[in-house]
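These are the residues of each chain, in order.
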Amino acid sequence: MAYNNIVVLGAGVSGLTTAYLLSQDPANKITVLAKHMPGDYDIEYASPWAGANYMPVGKEGSAHHKWERDTWPALKEITEKYPEAGIHFRGTLIYNRKKDQETDTGKWFSELTQPNPWYKDVVPDFKNVPSDQLAPGVDNAQEFTSVCINTAVYLPWLVGQCIKNGAVFNRAVFKHIADAANAHHTGHKADVVINCTGLSSKTLGGVLDDKMYPARGQIVVVRNDPGPMISTSGTDDGEDEALYIMTRAAGGGTILGGSYQKHNWNGIPDMNLANRIMKRCIDICPSLVKKGQGIEGLDIIRHGVGLRPLREGGTRIEKDKVDGVAIVHNYGHGGFGYQASFGCAYTAVSLVKEVLQNKSRAKL
Ligand code: FAD
């Protein structure tokens, strides 16, 4: 059999999902190379910090919409078939206030919060909350069943699946993307390098994508478990502050969020913001704590900050050639890297196949 030597650069959810799909073909010999691997917590590594849940935000008719739509069946199947992957189904409540429409968080969630979104036909149990049951200030609300992913379990599960299929994982740091082609575990030059370096695509030689920028997300992880997931279109505390609650599968704790602070690179938790996050979450979901308690009723596991890898013009999934090395880019997934992970990886894999076909033709 003729083998394809493939390097996946990056071990966040984008790199691991792409490697997982590619590893299902025994003709692919895959090396996953990364500065950070599952188990690490670092401001340069977005994936461990995510909630993570499936709350679609792609505009109807866009590629983003397709990626999110195509991801739901895969997440559903993993949730049902592989409980050890650390994903569970969870009831979800979304609250929309029209006054948030022009804020950063309101714009980010504009598809999620509208009463007739495309994803009503994708997720189970979608229904609008009757208007006479809405809390004061809420203009519309919907409920549906979604998933919540325990990233501390799911990312290692993906690693395990790849290794089971023969992929090799190595730590490596590259200044230039073309150098990654020389680090395939067989010693042969890679036929293609898949660039899944997230926000670092801004500074990685051979890519230097100045459209990349961060949207800082601050969270508090607590042991309290309030039940359903909740998200709102915005808050009264600031245009780039958010409000969401999600309990991870398999004892992963509950994530209280958050913020959506564009162009803010600060990796240190801001304790004033943390207090606002905790207070807002209790206000909207009093069952988070015992009756009569405030934030002292929260049992905090940790405070955290992650940088969502946003890209002006949207996610980049395309073929490229750098210094003679074939590249497939798959980066710039903002706040939707999990909920679009399979859709994006399917697109990346189809581009990898095109590159490999061209390689075979060139040899004939
Ligand atoms: P990353 O996870 O950042 O991985 C990049 C990889 O590339 C790392 O392994 C890194 O070491 C490697 N790398 C980079 N440069 C180099 C180099 N030069 N050499 C070697 N290796 C390199 N998404 C959802 O879908 N649902 C959610 O609920 C959700 N909630 C979120 C909450 C927060 C607070 C945050 C911060 C994000 C959230 N997201 C959510 C977004 C999601 O986390 C990101 O979109 C996703 O993690 C991006 O993954 P990635 O693999 O592209 O990048």
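Residues numbered from 1 in each chain as written. Predicted model: local features only at pLDDT ≥ 70, side-chain atom pairs only at ≥ 80, totals over all residues. Heavy atoms only, no water.

Student: Can you explain the overall build of the protein chain? Please cite residues and give values.
Tutor: Each helix and strand counted, the protein chain has seven helices and 15 strands in total. Here the C-alpha atoms of the protein chain give a radius of gyration of 21 Å, agreeing with the 21 Å that 2.2 N^0.38 yields for 364 residues. Expressed as lengths along the three principal axes of its C-alpha atoms, the size of the protein chain is roughly 70 × 40 × 35 Å. A burial count over the protein chain gives 58% of its 364 residues as buried. As displayed, the protein chain offers around 15200 Å² of accessible surface, 50% of which is attributable to carbon and sulfur atoms. On the protein chain, the mean spot of the 39 positive side-chain charges and the mean spot of the 38 negative ones are 5 Å from each other. (Helix = DSSP H or I, 4+ residues; strand = E, 2+ residues; numbered from the N terminus. Rg over C-alpha atoms; globule rule 2.2 N^0.38 Å. Buried < 20%, exposed > 50% of the residue type's maximum accessible area, 1.4 Å probe, protein only. Areas by Shrake-Rupley, 256 points an atom, 1.4 Å probe, with all protein chains shown as cover. Lys, Arg positive; Asp, Glu negative; His and termini not counted. Charge placed at Lys NZ, Arg CZ, Asp CG, Glu CD.)

Student: Give me the lowdown on the UniProt feature "binding site: D-dopa" (unreviewed entry) in the protein chain, citing residues and values where you can.
Tutor: In the UniProt entry, the feature "binding site: D-dopa" (unreviewed entry) is given for Gly335. By the secondary structure assignment, Gly335 is in the loop between β15 (325–331) and α7 (341–363). (UniProt positions renumbered as here; feature names shortened; annotations may be inferred.)

Student: Before we move on, could you go through empty space enclosed by the protein and cite the residues and values that matter?
Tutor: Throughout the structure, instances matching the rule amount to one cavity of 30 Å³ or more. If you add up the space inside the largest cavity, you get close to 30 Å³. Considering only residue class, the lining of the largest cavity consists of five nonpolar, no polar and two charged. (1 Å grid on protein atoms, 1.4 Å probe; cavity = no way out; pocket = protein on both sides within 12 Å on 5 of 7 lines; lining within 4 Å. Points joined across faces, edges and corners; volume = space filled by probe spheres on them. Nonpolar A, V, L, I, M, F, W, Y, C, P; charged D, E, K, R; others polar.)

Student: If you had to explain the pattern of salt bridges to someone new, which residues and values would you point to?
Tutor: All chains considered together, the criterion is met by 20 salt bridges. Its salt-bridge partner being Arg90, residue Asp225 comes within 2.8 Å of it at the nearest N-O pair. With Asp225 in the loop between β8 (212–222) and β9 (229–232) and Arg90 in strand β3 (residues 87–96), this pair connects stretches of sequence that are 135 residues apart. Owing to a relative accessible area of 48%, Asp225 belongs among the partly exposed residues under this scheme. When the shortest N-O distance is used, the salt bridge between Asp236 and Lys99 registers 3.2 Å. Residue Asp236 is located in the loop between β9 and β10 (241–247), and its partner Lys99 is located in the loop between β3 and α3 (104–108); the two are separated by 137 residues in the primary sequence. Residue Lys99 is classed as exposed on the basis of its relative accessible area of 57%. Beyond isolated ion pairs, a larger network of salt bridges with shared partners links Arg97, Lys99, Asp100 and Asp236. (Salt bridge = Lys/Arg side-chain N within 4 Å of Asp/Glu carboxyl O.)

Student: Kindly report on the UniProt feature "binding site: FAD" (unreviewed entry) in the protein chain, identifying the contributing residues and their values.
Tutor: What UniProt calls "binding site: FAD" (unreviewed entry) maps, in this numbering, to Thr197. Counting through the fold element by element, Thr197 comes out in the loop between β7 (192–195) and β8.

Student: Tell me about the site of the ligand, and name the residues and values.
Tutor: What surrounds the ligand is a group of 41 residues, the closest being Ser14, His36, Ser47, Gly334 and Gln339. For the ligand, an oxygen atom lies 2.8 Å from a polar atom in the backbone of Tyr338. Within the complex, the protein chains bury 97% of what would otherwise be the 1000 Å² of accessible surface of the ligand. Elements that contribute at least two residues to the shell around the ligand include exactly α1 (13–22), β8, β10 and β13 (300–311). When the residues that make up the shell around the ligand are grouped by side-chain class, the tally is 21 nonpolar, 17 polar and three charged. (Near = heavy atom within 4 Å. Polar contact = N/O pair within 3.5 Å; in protein donor to acceptor, adjacent residues only side chain to side chain.)

Student: Quick rundown of the sheet that holds strand β6 (residues 168–171)? Include the residues and the values.
Tutor: The six strands are arranged β6-β2-β1-β7-β15-β14 in an open sheet whose pairing can be described as mixed. With one partner strand each, in any of the chains shown, β6 and β14 (316–322) form the two edges of the open sheet. The mean inter-strand angle of the sheet, taken between neighbouring strand axes irrespective of direction, is 20 degrees. (Pairing = 2+ DSSP bridges. Axes fitted to C-alpha atoms, helices over the stretch in contact; angles between N-to-C directions.)

Student: Tell me about the environment of Glu312, residues and numbers included.
Tutor: Position of Glu312 relative to the elements: it lies in the loop between β13 and β14. As a C-alpha pair, Glu312 and Tyr213 span 99 residues in sequence and 8.0 Å in three-dimensional space. Every residue in contact with Glu312, bar those within four places of it in the chain, is listed here: Lys211 and Tyr213. (Contact = heavy atoms within 4.5 Å.)

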